[in-house]
Amino acid sequence: MTLLSRTATQLKQYLPILQWAKTYDRETATSDLVAAVIVTIMLIPQSLAYALLAGLPAEMGLYASILPLVAYAIFGTSRALAVGPVAVVSLMTAAAIGNLGLSDPAQIALAAGTLAFISGVILTVLGVLRLGFIANFLSHPVIAGFITASGVLIAASQLKHILGIPAHGHTLVQVVGDLIANLPQTSLITLVIGALATAFLFWVRKGLKPRLLQAGLKPRMADVVAKAGPVGAVAVTTLVTWGFGLQDAGVKIVGSVPTGLPPLTAPSFSPELWSQLFLSALLISIIGFVESVSVAQTLAAKKRQRIVPDQELIGLGTSNIAAAVSGGYPVTGGFARSVVNFDAGAATPAAGAFTAVGIAVATLALTPLLYFLPTATLAATIIVAVLSLVDFSILKKAWGYSKIDFAAVFATIVLTLGFGVEIGVSAGVLISIGLHLYKTSRPHVAEVGLVPGTQHFRNIKRHKVETQPHLVTLRVDESLYFANARFLEDYVLKRVTSDKALEHVVLQFTAVNEVDMSALETLEELNRRLNEMGIKMHLSEVKGPVMDRLYRSHFLDDLTGRVFLAQYDAWRKLTKPAPAPSAQTDAA
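Quick caveat: nothing in here was measured; it's all calculated off a predicted structure.

This paragraph deals with the overall build of the protein chain. What the protein chain contains, in helices and strands, is 26 helices and 8 strands. By its C-alpha atoms, the protein chain is 115 × 65 × 60 Å across when sized along the principal axes. The buried share among the 588 residues of the protein chain stands at 51%. Of all intrachain contacts in the protein chain linking residues separated by at least 6 positions in sequence, the fraction that spans at least 24 positions is 79%. Of the roughly 27,700 Å² of accessible surface on the protein chain, a fraction of 63% belongs to carbon and sulfur atoms. For the protein chain, the distance from the average position of its 44 positive side-chain charges to the average position of its 36 negative side-chain charges is 8 Å.

The structure is reproduced here in structure tokens:
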């Protein structure tokens with residue numbers, strides 16, 4: 001391969017746009033444009049609402065929905081993923097900036113941009129180093145518990161806007177306590193607007209599209225109109241507030257939103273600020289990547305496409321860097337808008353770039369119309385969006401399947417609600433790692449015997465099998481490493497100590513993919529102690545990579561027994577022949 005061709009291959013690897021752009025045609029562009037129109041309609045009120053959730057000026061939500069989408073179109077591998085502000089990341093952003101104790105809006109905006117930049121750098125570096133597997137340390141049940149708790153926390157935090165009262169706090173106890181304390185100050189007009197907007201959006205989400213189809217609208221047009229429901233709520237409540245001067249009656253409004261494209265900005269490079277934000281940026285990066293890649297893989301599978309997780313890290317990383325330099329805050333791939341993008345027919349990441357153009361047009365032409373938009377309407381948009389994420393059934397499923405997983409999910413939900421999102425997700429990471437270590441530190445070891453009439457071996461506690469009094473075979477169902485090697489040693493010694501008839505122990509390594517240095521030393525010690533008892537230790541069905549490692553050590557030289565290719569070979573070789581009939585029996 002020439003230098004030029006190698007360079008071209010590397011460019012295609014890091015710039016997926018070079019792969020799909022060469023086959024881009026008018027039909028594909030039409031599909032992407034239609035999807036972009038639908039997603040743009042949905043994204044405008046969502047972007048404003050999520051910026052409100054993050055404690056930032058409304059326009060920053062729009063800014064975070066322009067350049068990041070273009071960056072992802074260049075560097076991302078998913079054909080349908082829609083990048084932008086999302087509820088959970090917005091809540092985590094609010095918590096991270098809230099910890100800084102800032103009051104100056106300019107400093108808050110700078111901190112938000114810096115948080116996006118740090119997150120972007122982390123994600124990009126992880127992608128370049130091919131470290132996407134790190135996200136696997138966060139188990140699905142823990143993620144589900146965290147998202148459920150975050151949805152409850154987000155919905156509770158938005159009730160203050162629905163009621164028109166002040167309420168603060170980063171935990172459910174704090175938020176609910178403030179809501180109860182300030183309940184007498186409830187603004188009746190704000191409550192009516194918020195409650196009607198919430199009820200309308202719930203109805204639009206489930207009931208509008210079927211009604212439109214019954215009325216004779218084509219599916220594509222019915223989908224567009226249904227997705228425009230939040231825009232309709234924004235338009236109506238804004239007009240009502242302006243027409244009746246409700247802002248003078250205590251209804252809080254968005255106010256002045258700057259018109260124009262996002263300004264080019266630079267993040268702060270203050271070491272002090274970076275040290276304060278780094279952990280939050282790391283957590284946002286992990287959660288954002290897990291959520292994004294899960295959505296991308298699900299949608300890609302439906303069209304028999306594939307994504308590259310490590311390249312997705314780079315796509316999300318560059319999107320966050322783009323958000324940082326264009327007045328935005330941390331972004332990731334959103335579930336709801338990605339599904340809408342997919343259902344609307346998005347064929348390539350260009351749909352995201354077209355959506356960015358639509359949002360840019362909105363910032364140029366529509367922002368003056370948002371002055372009288374009630375914050376209660378945006379709060380209703382958030383509540384309706386996040387309640388779809390709440391799924392307490394995960395507790396029932398986990399309880400029925402695994403008490404350990406249930407404990408992890410329950411702890412994550414309680415810690416997130418009780419102590420905030422950062423402690424909740426940090427605990428989730430630690431719990432996931434702890435669960436993995438606990439489960440693998442106690443590997444399943446089964447004593448197996450021969451299934452009569454076959455060459456198969458199964459657990460003696462589950463099947464009727466043949467065994468030999470002088471021979472025991474133990475199937476090890478886990479790779480061996482420093483955390484579980486001693487467990488295996490204790491298990492074997494406990495099994496053989498009270499059985500005086502034993503002469504051979506066979507360790508069946510069918511499921512052992514790795515034996516690390518600590519485990520090797522444990523096997524050597526086990527071989528020595530069994531030899532002192534007069535018992536030979538054998539191995540069977542050892543995989544090639546494991547054997548390669550064992551050949552590089554002295555273990556095989558010191559092994560008292562043999563290594564058998566198959567467990568049946570060990571059985572035939574080590575089984576004693578049946579005793580010959582006695583003369584008395586013959587005479588009889």
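Back to the text.
Our focus in this paragraph is the pattern of salt bridges. Scanning all chains against the criterion turns up 10 salt bridges. The salt bridge involving Arg529 is made with Glu489; its shortest N-O contact spans 3.9 Å. Here Arg529, found in helix α22 (residues 517-532), pairs with Glu489, found in helix α21 (residues 485-497); they are 40 residues apart in sequence, far enough to count as distant. One salt bridge connects Glu532 with Arg528, and the closest N-O pair in it is separated by 2.4 Å.

Quick look at the UniProt feature "domain: STAS" (unreviewed entry) in the protein chain now. In the numbering used here, UniProt assigns the feature "domain: STAS" (unreviewed entry) to residues 461-559. Annotated as 41% helix and 16% strand, the span residues 461-559 places its first and last C-alpha atoms 29 Å apart.

Its place among the elements puts Asn320 in helix α14 (residues 309-324). Reaching out from Asn320, the side chain makes a polar contact with the backbone oxygen of Leu316 at a distance of 2.9 Å. Apart from residues lying up to four places away in sequence, Asn320 is in contact with Ala116, Phe117, Ser119, Gly120, Leu123, Pro330 and Val331.

Turning next to the domain arrangement of the protein chain. You can read the domains of the protein chain as domain 1 (25-252 + 264-433) and domain 2 (445-574). Taking only C-alpha atoms into account, the centre of domain 1 sits 52 Å from that of domain 2.

Another aspect to go through is the packing of aromatic side chains. Taken as a whole and assessed by the stated rule, the structure comprises 11 aromatic pairs. Seen in terms of ring centroids, Trp399 and Phe406 are 4.9 Å apart; in terms of plane orientation they differ by 80°. Their pairing is edge-to-face. What makes Trp399 partly exposed here is its relative accessible area of 47%. In this structure, Lys303 packs its charged tip against the face of Phe342, placed 5.1 Å from the ring centre. Positioned over the ring face of Trp399 is Lys403, at 4.7 Å from the centre of the ring.

Further remarks concern the side chain of Thr241. Position of Thr241 among the secondary structure elements: in helix α12 (residues 229-244). For Thr241, the side chain forms a polar contact with the main-chain oxygen of Thr237, separated by 2.7 Å. Those residues in contact with Thr241, other than ones at most four positions away along the chain, are Ile193, Leu246, Gln247, Ile253, Phe372 and Pro374.

With that out of the way, let us pick up a negative patch on the surface. Side chains of Glu521, Glu524, Asp557 and Asp558 sit close together on the surface and give a patch of like negative charge. Broken down by secondary-structure element, the contributors of at least two residues to the negative patch are α22 and α24 (555-558). Tracing the backbone through its elements, the reader meets Asp557 in helix α24.

Moving on, we come to the sheet that holds strand β6 (residues 504-508). Hydrogen bonding along the main chain pairs the strands of a sheet, whether they run parallel or antiparallel. Taken in spatial order, the 6 strands make up an open sheet running β4-β3-β5-β6-β7-β8, and their pairing is mixed. With one partner strand each, in any of the chains shown, β4 (457-459) and β8 (563-564) form the two edges of the open sheet. Of the pairings in the sheet, the one linking strand β7 (residues 536-540) to β8 comprises 2 bridges and is parallel in character. Bridging from a neighbouring strand, Ser540 pairs with Phe564 of β8. α22 contacts β6 and β7 of the sheet and is inclined by roughly 140° relative to β7. Sheet strands in contact with helix α25 (residues 567-574) are β3 (445-450), β4, β5 (471-476), β6, β7 and β8, and its direction is about 170° off that of β6.

Between helix α6 (residues 87-98) and helix α8 (residues 140-163), whose axes approach to 10 Å, the crossing angle comes to 70°. It follows from the interaxial angle that α6 and α8 lie roughly perpendicular. Read as a crossing pair, α6 and α8 show a hand that is left-handed. Touching Ala87, Val88, Leu91 and Met92 of α6 are Phe146, Ser150, Leu153 and Ile154, all from α8.

Criteria and thresholds
Residues numbered from 1 in each chain as written. Predicted model: local features only at pLDDT ≥ 70, side-chain atom pairs only at ≥ 80, totals over all residues. Heavy atoms only, no water. Helix = DSSP H or I, 4+ residues; strand = E, 2+ residues; numbered from the N terminus. Buried < 20%, exposed > 50% of the residue type's maximum accessible area, 1.4 Å probe, protein only. Contact = heavy atoms within 4.5 Å. Areas by Shrake-Rupley, 256 points an atom, 1.4 Å probe, with all protein chains shown as cover. Lys, Arg positive; Asp, Glu negative; His and termini not counted. Charge placed at Lys NZ, Arg CZ, Asp CG, Glu CD. Salt bridge = Lys/Arg side-chain N within 4 Å of Asp/Glu carboxyl O. UniProt positions renumbered as here; feature names shortened; annotations may be inferred. Polar contact = N/O pair within 3.5 Å; in protein donor to acceptor, adjacent residues only side chain to side chain. Domains from an automatic or database assignment. Phe/Tyr/Trp six-rings, centres within 6.5 Å; stacked < 30°, edge-to-face > 60°. Lys NZ or Arg CZ within 6 Å of the ring centre and 35° of its normal. Patch = residues over 30% accessible without salt bridge, like charges linked within 9 Å, V, L, I, M, F, W, Y side chains within 5 Å. Pairing = 2+ DSSP bridges. Axes fitted to C-alpha atoms, helices over the stretch in contact; angles between N-to-C directions. Parallel < 35°, antiparallel > 145°, perpendicular 65-115°, else oblique. Left-handed = near helix turned anticlockwise from the far one by under 90°.

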